[in-house]
Amino acid sequence: MRKNVQLHELLLVAQAASSMALRDELLKPIWHAFTALDLDKSGKVSKSQLKVLSHNLCTVMRIPHDPVALEEHFKHDDQGPVSTQGYMPYLNKFILDKVQDNFDRQDFNRMCWTLCARKNLNRTHLLISDEDAFKIWCIFNFLSEEKYPLAIVTEEIEYFLRKLTEAMGGSWVEERFEDYKLELSIKQQSLSAWELITLVGRGTFSKGVDRQTLSMGITEVFHELILDVFKQGYMMKKGHKRKNWTERWFLLRPDSISYYVSEDLAEKKGDIMLDGNCCVESLPDKEGKKCLFYVKCSDKSYEINASDKKRKQEWIQAIQMCLSLLQLGRTVPHRESLQKRRDLRQKQQAEQEELELRMRELQTANENKQHQLEAMRKKLEEAATNAAEEERSRLQTQTEQQDRYRMDLEREKMVRQEMEEQVAQKSSELEQYLQRVHELEDMYHRLEDALEDEKRARQDEETVRRLQARLLEEEAVKRAELEQIHLHQQRAISETEVEKQELRKEGTAKENALQAAMLQLEQLEKERQGALEQYQEVVQKLEDAANNTRTWKHKVSHHEGLVRLVQPGSKGPQKITNWGPAAFTEAELSLRKKDWQERKSQPAENQ
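By convention here, each chain's residues receive numbers from 1 onward along its written sequence. At least 70 in pLDDT is required for a residue's local features to be given in this predicted model, at least 80 for side-chain atom pairs to be given and counted, and no such filter applies to totals for whole chains, interfaces and linings, which use all residues. For the side-chain quantities, the full set of heavy atoms in the structure was used; hydrogens and water were omitted.

If you check an unreviewed UniProt entry, the protein appears there as Switch-associated protein 70 from Salmo salar.

See the structure below:
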């Protein structure tokens, strides 16, 4: 029971939405007709003309017409002509509220077109017929914004021209439309129906295309957008009684497939009504026919023969798309895309309006801030004037204090420079010492005991050097503290007269801190002197190690001269030299003699 209630509510919502969509669709042609009756462009139409318009509207929409209703509606209005706003209540109450979707839309459009085209259509230099202009007018009403006066925006103009170019078999040139869009944005952002007809009718975007092709393209776009025709063309259909094949012009709509004798649609032969239970499938070749398919409905099936495989596949896909839309309860794709584009434009417009509102709020806030800053600037100027007067009164005292502090700073710089020279000298001595240590390591690397003493000496020296580096860093920190004290004193000088007493107290405290820092500096000097004495002790240890190394080297060389390896003597005759038996054999001596003679002869040849 609950599901039935929900289904009934959904149906009511769908009917209400459909009724609103139908009302919006009918209002656009009626607006064209009403404005066409406004001959002097005053925004008002006489009651007699409105009677004729109302009668014609009721006739084409199959609504019972009450000629007295208009007079009764406007019996208290003695101002003569009626404006659009005055006519709308009558139109809604006596016509649009009673309309049903049981009339021919094209008859309704043609009636409104006849009223407005006579006044607004300029046929000069147009390459299209009145029928094509009527179709463009219908397309304009479909794509135009639901705002009055009616206009079509740039995005919809591009959409329509793309469709028209594709229908004519041409290729879309983006650059040409970009130039036109730029020109259009300079003048305005949209076109009226008659400007759109002029744009297409004069061939601005169809150069090189004959009139017949242009007319066929307009008709195809009209069929797709207005008549909701997904596909159309000639195919063969098999009869149900005679079983013969006859060529028919097929026209596919969202809920039906109509077939006619020819493409002029003069004589309809039947309709294939589509619903969610229908299906379309391909058939194998038979009876000498190829590219067969059939549409199966609940009551009967229809066998159809396409001209080639490509057209067969296109028709099958188009019919399957219609069946899918019916099953999902959706509208035709181009109507959905139009609504999406409109929703997107409305969203962008709302965002733009919100952005403009925020910009105005920010601008207002900025102006308020500017006023506040101006007031603050004036106060600051007054304060600066007062401060300048006070500053002039303190200049003499500040100058004396600055001179005194400058002299102290110069003395500190001299002390620091002397310390840096001493550190540089000690660093040079350390480098020389390290070089001598490396030489001693290379000379006495075989003497393990002496090297151990030397390594210990180097470790002691490294400890002393780190101690000196740490002392230097502490001295640098103390100097930085002294400089900070001077900086604080200079900043304190620039304060007001009231703060001068506090500055003097702070100066006394900083003087005490300075004396303490000097005492620490003297302590560091004593520690550095102690480190220097340790350094001298290390140097003495190095000298002792060097003497020890030389002693050991002398002993080793003495023992190397005394010790010789005992080897077996040669069995043959040996050469006797001044130092005893020769250390070379006969063969070696002959080679050395030959080599000596060659070296002796070379200088003579060079001369």
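This is not the end of the story, as more comes after the structure.
Some remarks on the overall build of the protein
Helix numbers and strand numbers start at the N terminus; a helix is a DSSP run of H or I with at least 4 residues, a strand a run of E with at least 2. Scanning the protein from N- to C-terminus turns up 15 helices and 13 strands. Buried residues are those whose accessible area, probed at 1.4 Å on protein chains only, stays under 20% of the maximum for their type, while exposed residues exceed 50% and partly exposed ones sit between those limits. A buried classification covers 32% of the 607 residues belonging to the protein. Contacts are assigned to residue pairs with any non-hydrogen atoms lying within 4.5 Å of each other. Considering only residue pairs separated by 6 or more positions, the protein has 63% of its internal contacts joining residues 24 or more positions apart. The Shrake-Rupley method, run with a 1.4 Å probe sphere, supplies the accessible areas, and residue values consider only the shown protein chains as cover. Accessible surface for the protein amounts to roughly 40600 Å². Of this, 51% is attributable to carbon and sulfur atoms.

Brief notes about the sheet that holds strand β5 (residues 231–238)
In space, the 7 strands of this open sheet follow the order β8-β7-β6-β5-β11-β10-β9, with antiparallel pairing throughout. Taken across any chain shown, the strands that pair with only one partner, and hence form the sheet edges, are β8 (268–273) and β9 (279–283). Here the average twist between neighbouring strands, direction ignored, is 35°. Whether two strands pair comes down to DSSP finding at least two bridges between them. In terms of strand pairing, β5 meets strand β11 (residues 301–305) through 2 bridges, oriented antiparallel. Note on geometry: axes are lines fitted to C-alpha atoms, helical ones only across the stretch in contact, with angles between N-to-C directions running from 0 to 180 degrees.

Re the confidence of the model for the protein
Per-residue pLDDT for the protein averages 81, and the proportion of residues at 70 or more is 88%. pLDDT expresses, on a scale from 0 to 100, how confident the predictor is about each individual residue. Note on residues 1–15: pLDDT under 50 across the span, and 0 contacts to partners over four residues away in sequence or across chains. This stretch, residues 562–567, has a pLDDT under 50; its non-local contacts, to residues over four places away or in other chains, come to 0 contacts.

Some details on unusual backbone geometry
In this structure, the amide linkage connecting tyrosine 148 to the following residue, proline 149, adopts the cis form with an omega of 0°. One can find proline 149 in the loop between α6 (130–143) and β3 (152–153). The phi torsion at leucine 265 lies on the positive side, around 60°, for a residue other than glycine. With respect to the element layout, leucine 265 can be found in the loop between β7 (256–260) and β8. We classify leucine 265 as partly exposed; its relative accessible area is 29%. At cysteine 291, a position not held by glycine, the phi torsion is positive, near 60°. Positionally, cysteine 291 belongs in the loop between β9 and β10 (292–296). Judged by relative accessible area, cysteine 291 falls into the buried class, the value being 11%.

Quick word on the pattern of salt bridges
In what follows, salt bridge is the name for a side-chain nitrogen of Lys or Arg lying within 4 Å of a carboxyl oxygen of Asp or Glu. Summed over the entire model, instances satisfying the criterion amount to 35 salt bridges. Residues glutamate 303 and lysine 286 are paired through a salt bridge, measuring 3.5 Å at the closest nitrogen-oxygen approach. With glutamate 303 in strand β11 and lysine 286 in the loop between β9 and β10, this residue pair connects regions lying 17 residues apart in the sequence. On the basis of relative accessible area, lysine 286 is assigned to the partly exposed category, the value being 34%.

Some remarks on the side chain of arginine 345
Tracing the sequence through the fold places arginine 345 in helix α12 (residues 333–443). By relative accessible area, arginine 345 is classed as buried at 14%. For arginine 345, the residues in contact, after removing those within four places along its chain, are Glu145, Val153, Glu155 and Glu156.

Remarks on the packing of helix α7 (residues 154–167) against helix α9 (residues 193–201)
Two elements in contact, α7 and α9, have axes separated by 13 Å at closest approach and are oriented at 35°. Crossing handedness for the pair α7 and α9: right-handed. Residues Ile157, Phe160, Leu161 and Leu164 of α7 lie in contact with α9, whose contacting residues are Leu196, Leu199 and Val200. Residues are sorted three ways: Asp, Glu, Lys and Arg are charged, Ala, Val, Leu, Ile, Met, Phe, Trp, Tyr, Cys and Pro are nonpolar, and all the rest, Gly among them, are polar. Grouping the constituent residues of the contact of α7 with α9 by class yields 7 nonpolar, no polar and no charged. Handedness of each helix crossing follows the sense of rotation of the near helix against the far helix: counterclockwise by less than a right angle gives left-handed, clockwise gives right-handed.

Let's talk about helix α10 (residues 211–225)
Residues spaced three or four apart along an α-helix face the same direction, because each turn holds 3.6 residues. The length a helix should cover is 1.5 Å for every residue beyond the first. Between its first and last C-alpha atoms α10 spans 21 Å; for 15 residues at 1.5 Å apiece the expected length is 21 Å, and the two agree. Restricting attention to buried positions, one finds in α10 the residues Leu214, Gly217, Ile218, Thr219, Val221, Phe222, His223 and Leu225. Contact partners of the buried residues in α10: α5 (105–120), α6, α7, α9, β5 and α12.

Observations concerning the nonpolar core
Ranked by internal contacts, the top residues of the largest apolar core, which has 71 residues, are Leu57, Met61, Trp113, Trp137 and Phe160. Residues contacting tryptophan 113, with those up to four places away along its chain left out, are Leu121, Asp130, Ala133, Phe134, Trp137, Trp194 and Ile197. Throughout, nonpolar core names a set of buried Ala, Val, Leu, Ile, Met, Phe, Trp, Tyr and Cys residues whose side chains join them through atoms within 4.5 Å. Of all hydrophobic cores here, the second largest spans 22 residues; its members include Ile272, Cys278, Ile319 and Cys322.

Topic: a nonpolar patch on the surface
A contiguous nonpolar patch, built from Leu355, Met359 and Leu362 and spanning about 310 Å² of accessible area, is present on the exposed surface. Here leucine 362 lies in helix α12. Each patch is assembled from residues with relative accessible area greater than 30% and no salt bridge, linking like charges that lie within 9 Å and nonpolar side chains (Val, Leu, Ile, Met, Phe, Trp, Tyr) that lie within 5 Å.

A look at the pairing of β11
Two strands pair when backbone bridges link them, and β10 and β11 are joined in this way by 5 bridges, in the antiparallel orientation. Its bridge partner being in β11, lysine 296 is matched across the sheet by serine 301. From the end of β10 to the start of β11, which pair antiparallel, there are 4 residues.

Details of the pairing of strand β6 (residues 245–253)
Taken together, the 8 bridges between β5 and β6 define a ladder with antiparallel strand orientation. The partner of lysine 231 across the bridge, within β6, is leucine 252. Between β5 and β6, which pair antiparallel and follow one another directly, the connecting turn spans 6 residues, one of which, lysine 243, has a positive phi of 60°. The sheet contact formed by β6 and β7 spans 5 bridges and is antiparallel. Residue pairing for β7: tryptophan 249 is matched across the bridge by tyrosine 260. Linking β6 back to β7 in an antiparallel pair, the connection comprises 2 residues.

Quick look at the state of the cysteines
Sulfur atoms of two cysteines make up a disulfide when they are within 2.5 Å. Counting across every chain of the model gives 0 disulfides. The closest cysteine sulfur to the non-disulfide-bonded cysteine 279 is located on cysteine 278, 7.5 Å from its own sulfur.

Section: the packing of α7 against α12
One way to put it is that α7 packs onto α12 with a least axis distance of 11 Å and a crossing angle of 155°. As judged from the angle between their axes, α7 and α12 are roughly antiparallel. α12 is crossed by α7, and the crossing has right-handed handedness. The segment α7 lies against α12, with Glu155, Glu156 and Tyr159 engaging His334, Ser337, Leu338, Arg341 and Arg345. Any angle from 65 to 115 degrees is called roughly perpendicular, while one under 35 is roughly parallel, one over 145 is roughly antiparallel, and all others are oblique.

Remarks on the packing of aromatic side chains
Geometry of aromatic contacts follows a simple scheme: Phe, Tyr and Trp rings, the Trp one being its six-membered ring, pair when their centres are within 6.5 Å, and the pair is stacked under 30 degrees between planes, edge-to-face over 60, tilted otherwise. Enumeration according to the criterion identifies 18 aromatic pairs in this entry. Each ring, one from phenylalanine 250 and one from tryptophan 315, has its centre 6.4 Å from the other, and the planes form 75°; the classification is edge-to-face. Placement of the pair is phenylalanine 250 in strand β6 and tryptophan 315 in helix α11 (residues 309–328), with a sequence separation of 65 residues. The class for tryptophan 315 is buried, based on a relative accessible area of 3%. A network of ring pairs unites the aromatic residues Trp113, Phe134, Trp137, Trp194 and Phe222 as a single cluster. In this scheme, the term charge over a ring applies when either NZ of a lysine or CZ of an arginine sits within 6 Å of the ring centre and within 35 degrees of the ring normal. The ring of tyrosine 159 is capped by arginine 341, whose NZ or CZ atom sits 4.0 Å from the centre of that ring. Note that arginine 404 overlies the ring of tyrosine 405, its terminal NZ or CZ placed 5.0 Å from the centroid.

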